[in-house]
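Tertiary structure, described
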Amino acid sequence: MTAGLALDVGRAVGTFLKGGPVALGRDTRTSGPMLHAAVLSGLTSAGCDVRELGVAPSPAIQYYVKTRDVAGGVIVTASHNPREYNGLKVVDDQGMEASREVEERIEALYFDGVYREASWDAAGRVDEVTECNPHYLEAVRRQVDGAAIAKANLHVVLDCANGASCLTSPYLLGRLGCHVATLNAQPDGTFPGHPPEPREEHVVELREMVEDAGADLGVVHDGDADRVVFVDERGTFVPGDRTLALVAGYVVQREGGGTVVTPVSSSSCVEDVVLARGGKVHYTAVGAPLVARTMRAEGAVFGGEENGGLIFPKHQHCRDGALGLATVLEIMATEEGSLSELLAPIPEYHLMKRGVACPDEHKGPVLAALVPRFKGREVETVDGVKVREEGGWVLIRPSGTEAIIRVFAEGKTQAAARRLSKEAVAIVEEVIAETTR
Ligand code: MG
């Protein structure tokens, strides 16, 4: 990711938006100021006025775009990826991540290299905006029962991973009346505390601190704070699918039913909880933008992914780490249980992940040839091939980045997951051998 590339992407986005006003913000990465300046130059050269939002969580920038008069937004962020990465995320005027179709149109402009060029007196104006983070926090606060949360007197250890949430979540917790201890809460794009992906092995300090301090819970965001992951009061890491099920069940109960949208790779524990509370589950292909767009089309009450990405459509159609955090606090406050007690009734499943080597050019034919191999069984092809059976499923998907086909198997017991995985891997290997012969 070079300044030259960022400049041209800025020009392409500005051309696509026909010189309309654009919001621009970034996370805490060290390459952020450089790339931000390049995008700013590209946008203004195409005649776009730019609202400079500075460092802010992706969902705060998306909320600004949704609620203020701009044609779209650009976020300089690489989300949860290591510090040497960076990227540009384009959002539409509703604050939703651009659809694949829009991305392709912007890419076509980039590859054609023909951009809108404003004359000197029509170049975009730049306005520094300071309201992005406070405006967002106020909106998040309006979505939850603040009085109930304050009354619960919760002790929270918050790990901001030195990312964009340093500027928001500590203040949110304070205003919600929580007792807060923070970790890695200084913006620092070298991520000195730990890499900005909220994985169990990255939050050892958080888990220890929750236990030592006798806190009610621990919380960690990823680098751009669109995700939130929890540690319970015993210092145990909570897998994202269990949080997803907890919040899905709570929202469905509160709304008296409704649709929950999640990718086909999500654990069955989500479906179990949602069905038991009178809701429905709609499965999509993997990818948060797709989940968000399907939620809007289906009028869903809630949606999300197993990685800590939770989407609350009454607020906005994108993953929102701060509202995910505030909602879990509301659940703890209103259902009056510790986090481990609230999670205990959610059914447990075992997941096995395997990878089978497959050259990229054979992935398509292999996938097509797989479907008839599962004839007579419950097969879905929303994304890859998913075979469901009583108490378990197996999902076979080509990797987008590596020359492998992934096999995910989930079962009520480890043995069931292993059996499903073994069967599917054998079939995939056979089909690959036949297809590449
Ligand atoms: Mg992220």
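Residues numbered from 1 in each chain as written. Predicted model: local features only at pLDDT ≥ 70, side-chain atom pairs only at ≥ 80, totals over all residues. Heavy atoms only, no water.

1. Focus on the overall build of the chain
- A count of helical and extended segments in the chain gives 15 helices and 19 strands.
- Against the compact-globule benchmark of 22 Å for 437 residues, the chain has a radius of gyration of 22 Å, which places it among compact chains.
- Per-residue burial for the chain yields a buried fraction of 55% across its 437 residues.
- Within the chain, contacts between residues at least 6 apart in sequence are counted, and of these 69% link residues at least 24 apart.
- In the form shown here, the chain has an accessible surface area of approximately 18200 Å², with 49% of it arising from carbon and sulfur atoms.
- Treating the 44 positive side-chain charges of the chain as one cloud and the 62 negative ones as another, the clouds have centres 4 Å apart. (Helix = DSSP H or I, 4+ residues; strand = E, 2+ residues; numbered from the N terminus. Rg over C-alpha atoms; globule rule 2.2 N^0.38 Å. Buried < 20%, exposed > 50% of the residue type's maximum accessible area, 1.4 Å probe, protein only. Contact = heavy atoms within 4.5 Å. Areas by Shrake-Rupley, 256 points an atom, 1.4 Å probe, with all protein chains shown as cover. Lys, Arg positive; Asp, Glu negative; His and termini not counted. Charge placed at Lys NZ, Arg CZ, Asp CG, Glu CD.)

2. Focus on the state of the cysteines
- Counted by the stated rule, this structure contains zero disulfides.
- In this structure Cys166 is a free cysteine whose sulfur lies 4.6 Å from that of Cys160, the closest cysteine sulfur available.
- Judged by its relative accessible area of 5%, Cys166 is buried.
- A disulfide-free cysteine, Cys318 has its sulfur positioned 11 Å from the sulfur of Cys132, the nearest such atom.
- On the basis of relative accessibility, which here comes to 3%, the residue Cys318 falls in the buried class. (Disulfide = S-S within 2.5 Å.)

3. Observations concerning the sheet that holds strand S16 (residues 378-380)
- What the five strands build is an open sheet, ordered S15-S19-S18-S17-S16; its pairing is antiparallel. On the outer flanks of this sheet lie strand S15 (350-357) and S16, each paired with one strand and no other. Put simply, the sheet's adjacent strands are angled 15° from each other on average, direction ignored.
- Pairing of S16 with strand S17 (residues 385-389) involves three bridges; the strand directions are antiparallel. (Pairing = 2+ DSSP bridges. Axes fitted to C-alpha atoms, helices over the stretch in contact; angles between N-to-C directions.)

4. Details of the coordination of the magnesium ion
- The coordination sphere of the magnesium ion, as far as protein atoms go, consists of Ser79 (OG), Asp222 (OD), Asp224 (OD) and Asp226 (OD), spread over 2.0 to 2.2 Å.
- Relative accessible area serves as the criterion here: at 0%, Asp224 is assigned to the buried category. (Donors = N, O, S within 2.8 Å, 3.2 Å for Na, K, Ca; no water.)

5. Overview of unusual backbone geometry
- One non-glycine residue with positive phi stands out, namely Ser79, at about 55°.
- The phi dihedral of Asn184 is positive, around 50°, even though this residue is not glycine.
- For Asn184, the location among the structural elements is in the loop between strand S7 (179-183) and helix H8 (204-213).

6. Focus: the pattern of salt bridges
- Tallied over the full model, the rule gives 34 salt bridges.
- Residue Glu117 is joined to Arg11 by a salt bridge in which the shortest nitrogen-to-oxygen separation is 3.9 Å. Separated by 106 residues along the polypeptide, Glu117 in the loop between helix H4 (100-112) and strand S5 (126-128) and Arg11 in helix H1 (residues 3-16) bring together distant segments of the chain.
- Taking the relative accessible area as the measure of exposure, Glu117 reaches 64% and is therefore exposed.
- Its salt-bridge partner being Arg397, residue Asp383 comes within 3.2 Å of it at the nearest N-O pair. Of the two residues, Asp383 is situated in the loop between S16 and S17 and Arg397 in strand S18 (residues 392-398); the sequence distance between them amounts to 14 residues. Of the two residues examined, Asp383 and Arg397, each falls in the buried class.
- Through salt bridges with shared partners, one network takes in Lys89, Glu97, Asp224, Asp226, Glu305 and Arg319. (Salt bridge = Lys/Arg side-chain N within 4 Å of Asp/Glu carboxyl O.)

7. Comments concerning the pairing of strand S11 (residues 258-263)
- Of all six residues that make up S11, five are buried, and the element is covered over most of its length.
- Once you follow S11 into helix H10 (residues 268-276) and on to strand S12 (residues 279-284), the crossover reads as right-handed.
- Across two bridges, S11 lies against strand S13 (residues 302-304) in parallel orientation. By the bridge assignment for S13, Val260 is matched with Phe302. (Right-handed = clockwise from strand over helix to strand, strands pointing away.)

8. Details of helix H3 (residues 58-67)
- With eight of ten residues buried, H3 is to be regarded as a mostly interior element.
- Of all the positions in H3, only Ser58, Pro59, Ala60, Ile61, Gln62, Tyr63, Tyr64 and Val65 are classed as buried.
- Where H3 is buried, its residues meet strand S1 (22-26), strand S2 (50-55), strand S3 (72-76), strand S4 (88-91), helix H5 (132-142) and helix H12 (321-334).

9. What about H12?
- Between its first and last C-alpha atoms H12 spans 20 Å; for 14 residues at 1.5 Å apiece the expected length is 20 Å, and the two agree.
- Two or three places before Ala322, at the start of H12, stands the capping residue Asp320, its side-chain oxygen 3.3 Å from that residue's backbone nitrogen.
- After H12 finishes, the residue Glu336 shows a positive phi value of roughly 45°. (Expected span 1.5 Å × (residues − 1). Polar contact = N/O pair within 3.5 Å; in protein donor to acceptor, adjacent residues only side chain to side chain.)

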